Structure formats: structure tokens, C-alpha cells
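Take a look at the letters that make up each chain.
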Amino acid sequence: MISQTRDIVQKSLDALLEDGSFLPEVKGETRKKAFTSLTSILSTPNHVHKSYLRIPLEDEKVVRIPAFRVQHNNALGPYKGGIRFHETVNEEEVVNLASLMTLKNALHDVPFGGGKGGIILNPREYSEKELHLIARKYVQYFSDVLGPDKDIPAPDMGSGEREMDWMMAEYKSIRPGMPYRGSFTGKSVVNGGSLGRREATGKGVFFTFRYLVHDFVRDQKSLLTKTDNVFAKTALDFEDRALTIAVQGFGNVGSVAALEAHQSTHLQNKVVAVSDRNVTLFNSDGLDIPALVEFTMKNKGDLPTGEEQLKEIGVNAEIRDRDEVLFLDVDVLMLAALEDQVHKDNVEKVKARIIVEGANAPITTEADTYLSDQGVIIIPDILANAGGVIVSYFEWLQGRETQFYTEEEVFNLLYDKMKATLDTVLPLFFGDPFPLRQNCYIHSVMKLSTVLYRQGKLY
Ligand code: GLU
């Protein structure tokens, strides 16, 4: 995975090196040297912190749990990114996710750098008391490198408000008298969190998709009909018709994106399939998403897996294999589960013409190239799933000012920010032959390169 991010960053740098209008004052040999410096800075993290958390379990056994905090780049501001609680966490993955955060924040003009944390564990195997201790130990071990102006963690897969509240409280007791509200984001609202933070990623995922296929296509019709760009043809084909949507993953991101799609008045949508770690549920007439969300809230996040359960909540759906969600004959596929879900061995079975990356890196490089060559529009992770970190930024600001916004204000600010990014990258995307991911990377790399150059970091 790590190589995918690196390769696209490198391609972006190669394109910018050739583009004389970018940093025109840097010429000749100096230009070459500056770009070589950029490659090394952007392809490696500034710091990789690793510790083994010593945890006495409730059965009195003591275990050592490996934990990471990776700080990729802070040219644009304090490091920022979630802490993943998952058994598959590994150093390479955390480094890659941290570099995606650098690019994501640069793309959306969020004044933060990129970081990411990870703890190698399956949270379902620990009691609440043990998880509390694990969260606190994480802060104890890494407190020197964390802080509201240094590195600000947030939730990621396997962690949420509860963990952020615990971590902030631990930080506060380790650093008495220091500002603490901005030390962690994604906290509960009573603990200084922001209204709308929980829904922010899912809402942003649907907004990006809706803006592209609806608002942008409608407003820029003349641009799209004039070009022979293959992606413009795909987008035009989506205009003004009923769309079928499948959503992989029904956690914090997938369930909110599905609900947004279900409730949208802008588009004629039908969410025909959703899935989680156990099943795919399918109904060609559209699923009752609110009823499914309500069910998951009462059942530890899991979707119904049997006819009885479906009947009880009055939902009409076929129960299919978990991975079938990927291969259904739908217009749109939203990937909101794990990494590497669409890969070279299954990509040929994917039928959707627009794929939205709610998760980070759900499509491998080979699969990405294959789909893009077929004219499939992939709305990449750093564009589509930035709602979480954008509202984390608002949370951090609100914590500083101790002035809190209404939920409506938060969502309006979120959409304004995402719209500004979309209005910058979409005209370029439909005007050149690159896939959208490449366009987004070029934009982020341009911003980071200019800042690093002006900070005197390239020579
Ligand atoms: N973990 C989320 C992400 O991957 C949110 C990070 C944050 O809010 O800092 O974007």
C-alpha cells in the first residue's frame, strides 16, 4: 500500500517539475535539487514512535500491546490523524495512513500536518476497563510528542468518542494547567467535542458524490459536453436518472453515507445494498436504511443476519454473502469498510461506474489503474472522506475559543470547505486525462511544495 501513495506523489512531482508555471523562480539545477529534496521529504515520515504498552488484564495476566504514533509531516501545522484500534495494524500501514493525512489536509486547506496512530489489538476481546487502561497508557507513553499544537489524535477504525474522552482526560492530568481541549478531537459533545463530528465523515462522503454527479454536472454542462474526456462521459451518463447505490461497511461512515443517500432530495437514489463484516443485504427496490440503522444501534453495530431478525424490524431484503456487495449491478459503489477491498483478483467483477472511497485506501494500485482505464470515476479517499478531519479542525477551533457552533453551522462550514476543494479540482479533472486521484495529489503536492520551499526546507 505504502508504495501506491509514494508512486502517485512521485508522479505529481514529476509533472510539476516539468510545469514551468509552477514555482517559476526556481530554475535549472536548483529546480532539480529542490524536487529531489521534495521526493525524500514527502516519501518518508518525520518520526515513527513505537512502544509496547504494559497492560495488567483483569485475569491478572500482564500483556504488552504494540502501539504506534507516526508523524509524517508538519509543514502545514500540527500533526493530525486518528488512532486505529485493530488487530491488523502494522507499522507500514500506519506510515501510509499518516502520509494520506498530510495529503488530505493539504488538499482541503486544513492547517494541520499528517499523523496517525495504531494499537495492535482486537477491541472486542477486551473489557471496557481494560480498554480504558489501554487508552490511558497510550497517552502516558506518547504524551511527550502529543499536544494541541504538536500532534492531535482523533478516532479511527475501532475507536470513537469514548476513547477520545478517556485520552483527553489522561492528557489533562499529565499536563495540569495546560490547554487540553485541543489535545484530542472526536470527543463527546459534553467533553468539548463538536456537534456533527460523528456524522461528519459519512455526510462528507455523500456530499462529494452528490456535488460531482449533480451540482457540478448541472453547472458545468457546457464544459463536460465539449471535451472528449472519458470521465466526463461517465459523469454525463449519471445526469437526471435514478441511481442505484451499494454501500460496503455499515459503521460510522457507511451507515451515515447510506442514510444521507436514502434521504437525499437532490438525487433520485435507491440504496439497494449494504454490507458489514457478516452479510450483504439486497433489495432491488431499495432498502429501509433508517430501520437498519436503528437495528445496528441496538445490536453492537451488526446488521441483521437472519430472516427472523429482518421480519421483526419489517425490512424486506435478500441475505447474500458478505463480499457480494462489491460485484452487484449498481451505478455507484461506496467503499466504507477496510483497505484493499478491490484488488487485482476481483476488480473485473466490479460493475459500478462511480466508486466513492469512504475508507482509506480501499482499492489497490492495480485495481485502481484497471478501473480508471475503463472510465470508472473513483472519488478518492483524500477527497471524499475528509469530513472527519475537517470537523475535527472545527472542534479544535471551538475548543480554543470555548465558543461552540450549532450543528447546522458545522455542516454548512463543512460543505463550504469541501465545495471549495471540489471547485478547484473538478475542472482540472474533466479537462485533462488524469484520474481524479492524481489531480487531488497534484493539488496537495503543489501546496506542500510551495510551503516547504518558502520555509527554506528544500536546500
Ligand atoms: N481518522 C480520520 C481520518 O482518517 C479522522 C482524523 C481526524 O479527525 O483527525 O481522516
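The numbering scheme is per chain: residues are counted from 1 as the chain's sequence reads. The model is predicted, so local features are restricted to residues of pLDDT at least 70 and side-chain atom pairs to those at 80 or more, both for listing and for counting; the totals for chains, interfaces and linings are taken over all residues. The side-chain numbers reported here are obtained from all heavy atoms of the structure, hydrogens and water having been left aside.

(A) Summary view of the sheet that holds strand S12 (residues 377-379). Between any two strands, at least two bridges found by DSSP are needed for them to pair. Numbered from the N terminus, helices here are DSSP runs of H or I no shorter than four residues, and strands are runs of E no shorter than two. The strand order across the open sheet built from 7 strands is S9-S8-S7-S6-S10-S11-S12, with neighbouring strands paired in mixed fashion. One side of each edge strand has no neighbouring strand; the edge strands of this open sheet are strand S9 (318-320) and S12. Across the sheet, the mean angle separating the axes of adjacent strands is 20° when strand polarity is ignored. As paired strands, strand S6 (residues 243-248) and strand S7 (residues 269-275) are joined by 6 bridges and run parallel to one another. Residue pairing in the sheet places Ile 245 in a bridge with Val 271 of S7. The axes are straight lines fitted to the C-alpha atoms, using for helices just the contacting stretch, and the angles between their N-to-C directions are given from 0 to 180°.

(B) Structural context of the sheet that holds strand S3 (residues 79-86). Pairing in this open sheet of 5 strands is mixed, and the strands run S1-S2-S4-S3-S5 from one edge to the other. Strands at the two margins of the open sheet, each flanked by one partner only, are strand S1 (47-56) and strand S5 (151-155). Ignoring strand direction, the axes of neighbouring strands in this sheet form an average angle of 25°. Examined bridge by bridge, S3 and strand S4 (residues 114-120) share 4 bridges and lie parallel to one another. Bridging across to S4, Phe 85 finds its partner in Ile 119.

(C) Quick peek at the packing of aromatic side chains. Note on aromatic contacts: the rings of Phe and Tyr and the six-membered ring of Trp form a pair at centre separations within 6.5 Å, being stacked when their planes are under 30 degrees apart, edge-to-face when over 60 apart, and tilted otherwise. A complete count under the given rule lists 11 aromatic pairs for this structure. Ring centres 4.6 Å apart and planes at 15° place the aromatic pair Phe 207 and Tyr 415 in the stacked group. Of this pair, Phe 207 sits in helix H6 (residues 197-219) while Tyr 415 is found in helix H15 (residues 407-431), placing the two residues 208 residues apart along the sequence. Ring geometry for Phe 429 and Phe 430: centres 4.6 Å apart, planes at 50°, overall tilted. The pair formed by Phe 429 and Phe 430 is uniform in burial state, with each residue classed as buried. A connected cluster of aromatic rings, assembled from ring pairs, spans Phe 112, Tyr 393, Phe 394 and Trp 396. Each residue is placed in one exposure class: buried if its accessible area under a 1.4 Å probe, protein chains only, is under 20% of its type's maximum, exposed if it is over 50%, and partly exposed if it falls in between.

(D) Region of interest: the pattern of salt bridges. The working definition used for a salt bridge is a side-chain nitrogen of Lys or Arg within 4 Å of a carboxyl oxygen of Asp or Glu. Here the structure, examined in full by the defined rule, presents 31 salt bridges. Close ionic contact of Lys 447 with Asp 109 constitutes a salt bridge, the shortest N to O distance being 2.3 Å. Taken together, the residues span a long stretch of sequence, with Lys 447 in helix H16 (residues 436-454) and Asp 109 in the loop between helix H3 (91-107) and S4 at a distance of 338 residues. Linking Asp 144 and Arg 175 is a salt bridge whose minimum nitrogen-to-oxygen distance equals 3.2 Å. Separated by 31 residues along the polypeptide, Asp 144 in the loop between helix H4 (128-142) and S5 and Arg 175 in the loop between helix H5 (161-174) and H6 bring together distant segments of the chain. One salt-bridge network, in which partners are shared between bridges, spans Arg 84, Glu 93, Lys 116, Asp 156 and Glu 339.

(E) Structural context of helix H14 (residues 387-401). Compared with an ideal rise of 1.5 Å per residue, which puts 15 residues at 21 Å, H14 spans 21 Å between its outermost C-alpha atoms and is within 8% of the ideal. Counting buried residues in H14 gives 13 out of 15 residues, a clear majority hidden from the surface. One or two residues past the end of H14 sits Thr 402, with phi positive at roughly 45°. Expected helix span is taken as 1.5 Å per residue step, with the number of steps being one fewer than the number of residues.

(F) Summary view of the site of the ligand. Close to the ligand lie 14 residues, the nearest being Lys 80, Lys 104, Pro 155, Asp 156 and Ser 392. Any N or O atom pair separated by 3.5 Å or less is treated as a polar contact, with the protein-specific requirement of one donor-capable and one acceptor-capable atom, and with residues adjacent in sequence counted only for side-chain atom pairs. In the environment of the ligand, an oxygen atom lies 3.2 Å from a nitrogen or oxygen atom belonging to the side chain of Asn 360. Protein contacts shield 94% of the accessible area of the ligand, which totals 300 Å² for the unbound molecule. At the level of secondary structure, the elements contributing two or more residues to the shell around the ligand comprise S3, H3, S5 and H14. For this description, a residue counts as near a given molecule or strand if any of its non-hydrogen atoms is within 4 Å of it. Each accessible area is a Shrake-Rupley estimate made with a 1.4 Å probe; only the visible protein chains count as cover when residues are assessed.

(G) Representation of the nonpolar core in the model. Ranked by internal contacts, the top residues of the largest apolar core, which has 98 residues, are Phe 209, Val 274, Met 334, Ile 379 and Phe 430. Residue contacts are counted whenever heavy atoms from the two residues lie within 4.5 Å of one another. With residues up to four places along the chain from it excluded, the contact list for Ile 379 reads Thr 208, Phe 209, Leu 212, Ile 354, Ile 355, Val 356, Glu 357, Ala 384 and Leu 436. Counting residues in hydrophobic clusters, the runner-up holds 23 residues, among them Ile 119, Ile 134, Phe 142 and Val 145. What we call a nonpolar core is a set of buried Ala, Val, Leu, Ile, Met, Phe, Trp, Tyr and Cys residues that are connected through their side-chain atoms within 4.5 Å.

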